[in-house]
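Next come the chains, spelled out residue by residue.
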Amino acid sequence: QVQLVESGGGLVQAGGSLRLSCAASGLTFSMYAMGWFRQTPGKEREFVAGISSRGGSSTSYADSVKGRFTISRDNAKNTVFLQMNSLKPEDTAVYYCAATRSWSGSSAYTGDSTYNTWGQGTQVTISS
């Protein structure tokens, strides 16, 4: 069965760093574009970062995290990462990874409706 499992969440002080991981199984990982989204209570799930399939040559970031977060993938480990630096209290949320099959290898997707497989999420809390 297809599974995405996030890890690496926790509590960090503002200005600190955290690295999230998403391990995939049950799919040909390199053929999937991957994304990170986040959600807080009462808010809709919002896009954070995306990376294209295959070698991950294309990436996309929300304006709120650009320059602070970096998405990457390691196809040998079937894992996508989100490196988060200079964290702010407003980054506090449950972070989800998502996957969608993509043949092109050159498109990073920003819309949540594009993704059809989701992980359970991992809590990230940033204290002020």
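What comes next is a walk through the structure.

Topic: the overall build of the protein
Line of reasoning, step 1. Counting its regular elements, the protein contains zero helices and eleven strands.
Line of reasoning, step 2. Sequence-ordered secondary structure for the protein, helices as α and strands as β, is β-β-β-β-β-β-β-β-β-β-β.
Line of reasoning, step 3. For a compact globule of 128 residues, the expected C-alpha radius of gyration is about 14 Å, and the protein comes in at 14 Å, within 12% of that figure.
Line of reasoning, step 4. Taking the principal axes of the C-alpha coordinates as reference, the protein spans close to 40 × 30 × 30 Å.
Line of reasoning, step 5. Burial status across the protein gives 44% buried among its 128 residues.
Line of reasoning, step 6. Here the analysis covers contacts within the protein between residues at least 6 apart in sequence; of these, 61% occur between residues at least 24 apart.
Line of reasoning, step 7. When the accessible area of the protein is evaluated, it comes to approximately 6400 Å², of which 44% is carbon and sulfur surface.
Line of reasoning, step 8. Side-chain charges of the protein comprise 11 positive and 8 negative groups, with the mean position of each set lying 7 Å from the other.

Digging into unusual backbone geometry
Line of reasoning, step 1. Non-glycine residue Arg 54 carries a positive phi angle of around 60°.
Line of reasoning, step 2. Mapped onto the secondary structure, Arg 54 falls in the loop between β5 (46–51) and β6 (59–61).
Line of reasoning, step 3. A positive phi angle, close to 55°, is found at Asn 78, a residue other than glycine.

What to know about the sheet that holds strand β3 (residues 18–25)
Line of reasoning, step 1. Strand order in the open sheet formed by four strands is β1-β3-β8-β7, and the pairing between neighbours is antiparallel. In the strand order of this sheet, the two ends are held by β1 (3–7) and β7 (69–74), each with one partner. Adjacent strand axes in the sheet meet at a mean angle of 15°, parallel and antiparallel pairs treated alike.
Line of reasoning, step 2. Bridge count for β7 against strand β8 (residues 79–84) is six bridges, and the pairing is antiparallel. Across the sheet, Ile 71 pairs through a bridge with Leu 82, a residue of β8.

Looking at the pairing of β7
Line of reasoning, step 1. Going residue by residue along β7, you find Phe 69, Ile 71 and Arg 73 tucked away on one face and Thr 70, Ser 72 and Asp 74 left uncovered on the opposite face.
Line of reasoning, step 2. Between β7 and β8, which follow one another and run antiparallel, lie four residues, and Asn 78 among them has a positive phi close to 55°.

As for the side chain of Ser 52
Line of reasoning, step 1. With respect to the helices and strands, the residue Ser 52 is situated in the loop between β5 and β6.
Line of reasoning, step 2. A relative accessible area of 0% places Ser 52 in the buried class.
Line of reasoning, step 3. Side-chain polar atoms of Ser 52 contact the backbone oxygen of Gly 105, separated by 3.3 Å.
Line of reasoning, step 4. Setting aside residues up to four positions removed in sequence, Ser 52 forms contacts with Ala 33, Ser 57, Ser 58, Arg 73, Gly 105, Ser 106, Ser 107 and Ala 108.

As for the nonpolar core
Soluble globular proteins: nonpolar side chains tend toward being buried together.
Line of reasoning, step 1. In terms of nonpolar packing, the biggest core is built from 33 residues, with Met 34, Trp 36, Leu 82, Met 84 and Tyr 95 touching the most fellow members.
Line of reasoning, step 2. At five residues, strand β9 (residues 93–101) tops the list of elements feeding residues into this core.

Some details on the environment of Tyr 95
Line of reasoning, step 1. Tracing the backbone through its elements, the reader meets Tyr 95 in strand β9.
Line of reasoning, step 2. Under the relative-accessibility criterion, Tyr 95 is labelled buried at 0%.
Line of reasoning, step 3. Residues Tyr 95 and Leu 20 lie 75 residues apart in sequence; the distance between their C-alpha atoms is 8.6 Å.
Line of reasoning, step 4. Looking at Tyr 95, its side chain comes within polar contact range of the side chain of Arg 38, at 2.9 Å.

How each quantity is defined
Counting starts from 1 at the beginning of each chain's written sequence and moves along it residue by residue. Given that this is a predicted model, residues contribute local features only at a pLDDT of at least 70 and side-chain atom pairs are listed and counted only at 80 or more, while totals for whole chains, interfaces and linings are drawn from all residues. Computation of side-chain values covers all heavy atoms of the structure but excludes hydrogens and water. Going along the chain from the N terminus, every DSSP run of H or I of four or more residues is numbered as a helix, and every run of E of two or more is numbered as a strand. Using C-alpha atoms as the atom set, the radius of gyration is obtained and then compared with a globule rule of 2.2 Å times the number of residues to the power 0.38. Only protein chains enter the accessibility calculation, which uses a 1.4 Å probe; a residue is then buried when its area is under 20% of its type maximum, exposed when over 50%, and partly exposed in between. Residue contacts are defined here by distance: any two heavy atoms, one from each residue, within 4.5 Å place the two residues in contact. The accessible surface values rely on the Shrake-Rupley method and a 1.4 Å probe; as for residues, cover is taken only from the protein chains in view. Charged residues are defined here as Lys and Arg on the positive side and Asp and Glu on the negative side; His and the ends of the chain fall outside this count. Where a charge sits is defined by one atom per residue type, namely NZ (Lys), CZ (Arg), CG (Asp) or CD (Glu). Only strands joined by at least two bridges in the DSSP assignment are considered to pair. Angular values range over 0 to 180 degrees, each being the angle between N-to-C directions of two axes fitted as lines to C-alpha atoms, with helices fitted over their stretch in contact. For the purposes of these results, a polar contact is taken to be a pair of N or O atoms within 3.5 Å, where, inside protein, one atom must be able to donate a hydrogen and its partner to accept one; residues adjacent in sequence count only when each atom of the pair is a side-chain atom. Residues grouped as a nonpolar core are buried Ala, Val, Leu, Ile, Met, Phe, Trp, Tyr and Cys residues, joined through side-chain atoms within 4.5 Å.

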